[in-house]
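Chains, contacts and geometry: an overview
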Amino acid sequence: AKSLQKFFLAHSQEFRNLWGGFPPPLNSLDEAFDFVIPNENIAVLEYVKEWWPFRHHPNVLLLHYADVLDDVPGTLRKLAKFIGLQGITEEAYREIEQRVSIEFMKKRSERYRCLCGRNLDLAILPAKNGVIRQGGVGSSSQLSEKHLQMFNEHMDRMFDGDEELKAWYKQRMK
């Protein structure tokens, strides 16, 4: 819970500056949960729920970042097949795998800065780390028992009892 809270508190002012004061100042994980959970103010679960019915459609490839991290080579091949790329050599795949690694991107973090504003002079996250941080997925183990219960109850409401969707999402929260 401490690392999640530390990141949240460290970057919340930067996000507010870019989004015209949104979200309101949130000084603790409790305040963040109170803001996000009741109305899905940051629509992560809603987004997953809306795409879930289309997951088997031939023009939809549903990926979760956790799946990508678990199997980068397999994900690259799945993505290439999905978009119809053929003839990619094993050497090319190895080069791509190396270039999408967290180590490669950290060495070039200035290339991955999220800039916005009229003159692209505002960065969403500071230049020191930018969007390249640890290369991992947040974990439900970072939440207190209270927050985990709140999140699970929220997920039950958001997913309308769809046990398959809930299991798919929870599996990726490891």
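Whatever comes next refers back to the structure up there.
A few points on the structure. All values reported here derive from a predicted model rather than from experimental measurement. (Residues numbered from 1 in each chain as written. Predicted model: local features only at pLDDT ≥ 70, side-chain atom pairs only at ≥ 80, totals over all residues. Heavy atoms only, no water.)

**A look at the overall build of the protein**
Quick reminder of the rule: Under the DSSP-based scheme used, a helix requires at least four consecutive residues in state H or I and a strand at least two consecutive residues in state E, with every element numbered from the N terminus. Buried residues are those whose accessible area, probed at 1.4 Å on protein chains only, stays under 20% of the maximum for their type, while exposed residues exceed 50% and partly exposed ones sit between those limits. We call two residues in contact when some of their heavy atoms are within 4.5 Å. The Shrake-Rupley method, run with a 1.4 Å probe, gives the accessible areas here. Residue values count only the displayed protein chains as cover.
Per the secondary structure count, the protein includes nine helices and two strands. When each of the 174 residues of the protein is scored for burial, the buried share is 26%. A sequence separation of at least 24 residues applies to 55% of the contacts in the protein between residues at least 6 apart. Counting every atom, the protein has about 11,900 Å² of accessible surface; 55% of that belongs to carbon and sulfur.

**Notes on the pattern of salt bridges**
This is how it is decided: In what follows, salt bridge is the name for a side-chain nitrogen of Lys or Arg lying within 4 Å of a carboxyl oxygen of Asp or Glu.
Inspection of every chain in the model, using the stated rule, returns seven salt bridges. The residue Asp160 makes a salt bridge to Lys49 at a minimum N-O spacing of 2.8 Å. Separated by 111 residues along the polypeptide, Asp160 in the loop between α8 (145-158) and α9 (163-171) and Lys49 in helix α3 (residues 44-51) bring together distant segments of the chain. Residue classification places Asp160 among the exposed residues on the basis of a relative accessible area of 57%. Notably, a salt bridge pairs Glu163 with Lys166, separated by 3.4 Å at the nearest N-O pair. Separated by three residues within a single helix, Glu163 and Lys166 lie in helix α9, roughly one turn from each other.

**Let's talk about the layout of surface pockets**
Put simply, the test is: Using a grid of 1 Å spacing that covers the protein atoms alone, one calls a set of points a cavity when a 1.4 Å probe fits there but cannot get out, and a pocket when the set is open and has protein on both sides within 12 Å along at least five of seven lines; lining residues are those with an atom within 4 Å of a point. Grid points are joined across faces, edges and corners, and a volume is the space filled by probe spheres set on the points. Residue classes follow a fixed rule: Ala, Val, Leu, Ile, Met, Phe, Trp, Tyr, Cys and Pro count as nonpolar, while Asp, Glu, Lys and Arg count as charged, and any other residue, Gly among them, counts as polar.
Taken as a whole, the second largest pocket holds about 270 Å³ of empty space. Lining the second largest pocket are 14 residues, with Tyr65, Val68, Leu69, Val72 and Val100 sitting closest to its centre. Breaking the lining of the second largest pocket down by element, the ones donating at least two residues are α4 (65-70), α5 (72-82) and α7 (102-107). Broken down by element, the lining of the second largest pocket gets its largest block of residues, four residues, from α5. Residue classes in the lining of the second largest pocket are distributed as 10 nonpolar, three polar and one charged.

**A word on the packing of aromatic side chains**
Defined as follows: Between rings of Phe, Tyr and Trp, where Trp is taken as its six-membered ring, a pair exists when centres lie within 6.5 Å; planes separated by under 30 degrees are stacked, by over 60 edge-to-face, and by other angles tilted.
Here the structure, examined in full by the defined rule, presents four aromatic pairs. Seen from their ring centres, Trp51 and Phe54 are 6.1 Å apart, and the 70° between their planes marks the pair as edge-to-face. On the accessibility criterion, Trp51 (39% relative accessible area) is partly exposed. Classification of Phe54 as partly exposed rests on a relative accessible area of 43%.

**Describing α5**
Owing to its 3.6 residues per turn, the α-helix aligns residues three or four sequence positions apart on the same side. Quick reminder of the rule: Along the arc lie the directions from the helix axis toward the C-beta atoms. Here a polar contact is taken to be a pair of N or O atoms separated by no more than 3.5 Å, where protein atoms must pair a possible hydrogen donor with a possible acceptor and residues adjacent in sequence count only if both atoms sit in side chains.
Among all positions of α5, only Thr75, Leu76 and Ala80 are buried. What you see down the axis of α5 is that its buried residues fit within an arc of 135°, all on one side. Next to the buried residues of α5 lie α4 and α6 (90-99). The backbone nitrogen of Gly74 lies 2.9 Å from a side-chain oxygen of the residue at the head of α5, namely Asp71. One or two residues past the end of α5 sits Gly84, with phi positive at roughly 80°.

**Points about the nonpolar core**
In globular proteins that are soluble, nonpolar side chains generally tend to be buried together. To keep it simple, the criterion reads: Take the buried residues of types Ala, Val, Leu, Ile, Met, Phe, Trp, Tyr and Cys, join any two whose side-chain atoms come within 4.5 Å, and each joined set is a nonpolar core.
Core analysis: the biggest nonpolar cluster contains 16 residues, and Leu45, Phe151, Phe159 and Tyr169 have the highest contact counts within it. When contributions to this core are tallied by element, the ones reaching two or more residues are α2 (29-36), α3, α8 and α9. If one sorts the elements of this core by residue count, α8 sits on top with four residues.

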